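# Architecture at a glance
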Amino acid sequence: MKDKNPVTTDRIFTVEEAQQVVLEAIVPFGHERMPLLSCLGRVLAEPVTPSSDIPPYDNSSVDGYAVRAADTREATSERPCLLETVEEIPAGKIPQNGVASGQAARIMTGAVMPVGADAVVMVENTHTRERTVEILKPVAPGQNVRYRGEDVRAGEPALAAGIELGPGEIGLLASFRRSFVTVTRKPTVAILSTGDEVVDIDERAEPGQIVNSNSYSLAALVRKAGATPILQGIVRDTEKDVKEAIKEALCADFVLSTGGVSVGDYDFVKQALIDLGADMRLWRVRMKPGKPLAFGVIENKPYFGLPGNPVSCMVSFLLFTRPALRKAMGYPASEWHLPMVAATLTHPIRAGGDRRHYLRARVFYRGDRFYASAATGQGSGMLSSMTGTNGLIVVETGVTAIAENSEVETLLMRPWQSGG
Ligand code: AMP
Ligand code: MG
């Protein structure tokens, strides 16, 4: 072998060891300020503390009559209690009068509570007269009142750093008047596909050639992970071409290549990386699909030499690159990896046993539990197994068969379906 990196060359890492090696090399990215409407899916870079209470004043949660709860204690539909109506308070207006004992104020949802009132009777439980109102049902103090600061208090942190901004967070930030938000920077990810046999989707394929799918599946995975893909095209299997392509790709924050990391005569990626001075941390992982995996740091950029087989390349991305991107983007450690659920096998399965096996499966929830159905074609080149599936059943090294109805650990690549 030509490799000059004996420390890592011979070693085959477990998935967990390899994930640790990768994640140790990742440093969180910088921050940027973005307009609120562009923040969907971005990660909050610093905690957000509102400077005023939400809601900003005590207000009514219903249309009805603001009253003193004690005045309504005896009210029934047969013997309503009669209160004098002192004013009408629409939303957006300031009450002009207080509510004394024996009085009520007509009030609309969201309107400011008048001084003296401590509850609101729903309009459905009243009869409106000319200058009075009949109350048909008692209310307890505080009933139908939304108090100032009961949702969020001024000065108390409401959103932590590392939170992914979804519609709820964006709404809350809007209520804090944050038209700009400090989020973590989105990494750019260069993607190269190596292989003399690989042609691009709109190129003519000669006999013996295959269409580049890896660049496209990876671009989609990168985008789904919240980063920006940069397609660098197809690289021929020569040391010179591979080296030049890697150097060019270093304009991005992360570099991914596919193919050329195995032990074939035309696998030049490893040698090119070493020659370019990359600090290589691992070459192989004890898993199927995806045993070959080159990872190192070159000019401070993480480099992932993913396997060429279309499924291997996607599974390796999900297990190693996605967590690295998520760490770089500021997610907390608990959110770096794919979520795992325990699922009941719908059919017996077989596995090789010599490496940990990740079987593509459809995971669904029915009744009171998750079920997993493994896809029929599990070859590492069978890209169709990555469609219609949302999970990866984890079969440990040494296990060659698992019976129907057994419980298996399953990583979720996408949300599950109900009913199944
Ligand atoms: P390699 O790791 O370069 O030996 O490639 C392993 C397998 O993956 C071979 O069958 C390749 O033809 C296939 N392959 C490599 N690159 C791509 C690609 N960009 N798109 C689809 N298949 C690929
Ligand atoms: Mg190749």
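Residues numbered from 1 in each chain as written. Chains lettered and ligands numbered in written order. Predicted model: local features only at pLDDT ≥ 70, side-chain atom pairs only at ≥ 80, totals over all residues. Heavy atoms only, no water.

## Re the pattern of salt bridges
Quick note on the threshold: Whenever a carboxyl oxygen of Asp or Glu lies within 4 Å of a side-chain nitrogen of Lys or Arg, that contact is scored as a salt bridge. Secondary structure elements are taken from DSSP: a helix is a run of H or I of four residues or more, a strand is a run of E of two residues or more, and numbering for both begins at the N terminus. In this scheme, a residue with accessible area under 20% of its type's maximum is buried, one over 50% is exposed, and one in between is partly exposed, where area comes from a 1.4 Å probe on protein chains only.
On inspection of all chains with the given rule, the structure shows 14 salt bridges. Between E17 and R11 there is a salt bridge whose closest N-O contact spans 3.4 Å. We note a salt bridge from K243 to D275, for which the minimum N-O separation is 3.3 Å. One end of the pair, K243, is in helix α5 (residues 239–249); the other, D275, is in helix α6 (residues 269–275), and 32 residues separate them in sequence. Its relative accessible area of 32% is what places D275 among the partly exposed residues. Linked by salt bridges that have partners in common, E16, R356 and E396 make up one network.

## Section: the site of ligand 1
The cut-off we apply is this: For this description, a residue counts as near a given molecule or strand if any of its non-hydrogen atoms is within 4 Å of it. Polar contact is defined as a pair of N or O atoms within 3.5 Å, subject to the rule that within protein one atom must be able to donate a hydrogen and the other to accept it, and that residues adjacent in sequence are counted only when both atoms are side-chain atoms. Computed by Shrake-Rupley with a 1.4 Å probe, the accessible areas treat only the displayed protein chains as cover when residues are assessed. Lining residues are defined by having an atom within 4 Å of a point belonging to a cavity or pocket. Those points lie on a 1 Å grid over the protein atoms alone, cavities being sets where a 1.4 Å probe fits but cannot get out and pockets being open sets with protein on both sides within 12 Å along at least five of seven lines. Assignment of a molecule to a cavity or pocket requires that more than half of its atoms lie within 2 Å of the corresponding grid points.
Around ligand 1 sit 15 residues, and of these E197, N212, S213, G260 and G308 come closest. One nitrogen or oxygen atom from the side chain of N212 is found 2.9 Å from a nitrogen atom belonging to ligand 1. At 3.1 Å, a backbone N or O of S213 approaches a nitrogen atom of ligand 1. In isolation ligand 1 offers 480 Å² of accessible surface; the protein chains occlude 77% of this area. Taken atom by atom, the bulk of ligand 1 overlaps the second largest pocket.

## So, helix α7 (residues 310–328)
We apply this condition: A helix's residues, less one, multiplied by 1.5 Å, set its expected span. What the bend at a residue measures is the angle between two axes, fitted to the seven residues ending there and to the seven starting there.
With 19 residues, α7 should reach 27 Å at 1.5 Å per residue; the first-to-last C-alpha distance of 25 Å fits that figure. Residue F317 marks the point of greatest curvature in α7, where the axis turns by about 45°. Counting buried positions along α7 gives 19 out of 19 residues, so the element sits mostly inside the fold. Looking one or two residues past α7, G330 carries a phi angle of roughly 90°, positive in sign.

## Here's the deal with the sheet that holds strand β11 (residues 188–194)
The line we're drawing: A pair of strands is considered paired only if DSSP assigns at least 2 bridges between the two. Here an angle of 0 to 180 degrees is reported between the N-to-C directions of two axes, which are lines fitted to C-alpha atoms, with helices fitted over the stretch in contact. Should any heavy atoms of two residues lie within 4.5 Å, those residues are considered in contact.
Strand order in the open sheet formed by six strands is β14-β11-β15-β19-β18-β16, and the pairing between neighbours is mixed. Single-partner strands in this sheet number two, and they are β14 (228–235) and β16 (279–284). On average, each strand axis in the sheet is tilted by 15° relative to the strand beside it, whichever way the strands run. Alignment of β16 against strand β18 (residues 292–298), held across four bridges, turns out to be antiparallel. Residue pairing across strands places R284 opposite P292, the latter belonging to β18. Sheet contacts for α7: β11, β15 (254–258), β18 and β19 (301–306); angle to β19, the most-contacted strand, approximately 170°.

## Describing the side chain of D253
Here D253 lies in the loop between α5 and β15. Polar contacts involving the side chain of D253 include one to the side chain of R185, which spans 3.5 Å. Polar contacts involving the side chain of D253 include one to the main-chain amide nitrogen of T188, which spans 2.8 Å. Aside from chain neighbours lying at most four places away, what touches D253 is F29, R185, K186, P187, T188, K301 and P302.

## Side note on unusual backbone geometry
Here the residue pair I54 and P55 is connected by a cis peptide bond, since its omega of -10° sits within 30 degrees of zero. The residue P55 is located in the loop between β1 (31–35) and β2 (59–60) in this model. For the bond running from K288 to P289, omega is -5°, close enough to zero to count as cis. Residue position: P289 is located in the loop between β17 (287–288) and β18. A positive phi angle, close to 70°, is found at N405, a residue other than glycine. Structurally, N405 is set in the loop between β25 (401–402) and β26 (407–412). Looking at N405, the relative accessible area reads 56%, which means it is exposed.

## Quick word on the packing of aromatic side chains
Heads up, the condition is: Paired rings are identified among Phe, Tyr and Trp, the last through its six-membered ring, by centres lying within 6.5 Å, and are further divided according to the angle between planes into stacked (under 30 degrees), edge-to-face (over 60) and tilted (the rest). In this analysis the charged atom, NZ for Lys or CZ for Arg, is taken to sit over a ring once it is within 6 Å of the ring centre and within 35 degrees of the ring normal.
One pass over the structure, following the stated rule, counts six aromatic pairs. Residues F295 and F304 carry aromatic rings whose centres are separated by 4.8 Å and whose planes lie at 55° to one another, so their mutual orientation is tilted. For the pair formed by F295 and F304, the shared burial category is buried. Among the aromatic side chains, those forming a connected cluster through ring pairs are F29, F254, F295 and F304. Sitting over the ring of F13, R11 keeps its end group 4.3 Å from the ring centre.

## Observations concerning the nonpolar core
Counted only if it meets this: Here, the term nonpolar core denotes a set of buried Ala, Val, Leu, Ile, Met, Phe, Trp, Tyr and Cys residues that are joined through side-chain atoms within 4.5 Å. Residue ranges labeled as domains rest on an automatic or database domain assignment.
Ranked by internal contacts, the top residues of the largest apolar core, which has 49 residues, are F254, L256, L282, F304, F317, F320 and Y358. Taken together, the elements giving at least two residues each to this core come down to α2 (15–24), β11, α4 (214–224), β15, β18, β19, α7 and β24 (391–395). For this core, the element with the highest residue contribution is α7, accounting for eleven residues. Of the domains in this structure, domain 1 (6–30 + 186–335) and domain 4 (340–418) are the two that each give at least three residues to this core. Dropping the residues within four chain positions of it, F304 is found in contact with V22, F254, V255, L256, S257, A294, F295, F320, T321 and A324.

## Focus on the confidence of the model for the protein chain
How we decide: Each residue carries a pLDDT score, the predictor's confidence in it, ranging from 0 to 100.
On average, the protein chain scores 96 in pLDDT, and the residues at 70 or more come to 98%. Every residue in residues 1–8 is under pLDDT 50, and counting partners more than four places away or in other chains gives 19 contacts.

## Some details on the layout of surface pockets
Stated precisely, the cut-off is as follows: Grid points are joined across faces, edges and corners, and a volume is the space filled by probe spheres set on the points. Gly is placed with the polar residues, together with every amino acid not listed as nonpolar (Ala, Val, Leu, Ile, Met, Phe, Trp, Tyr, Cys and Pro) or charged (Asp, Glu, Lys and Arg).
By volume, the largest pocket is sized at about 510 Å³. Residue lining of the largest pocket: 20 residues in total, with K224, L318, R322, M413 and R414 positioned closest to the centre. Elements represented by at least two residues in the lining of the largest pocket include exactly α4 and α7. For the lining of the largest pocket, the per-class residue count stands at 13 nonpolar, one polar and six charged. Mapping the lining of the largest pocket onto the domain boundaries places at least three of its residues in each of domain 1 (6–30 + 186–335) and domain 4 (340–418). Counted as a void, the second largest pocket has a volume near 440 Å³. G259, G260, P307, G308 and N309 are the residues nearest the centre of the second largest pocket, which is lined by 30 residues in total.

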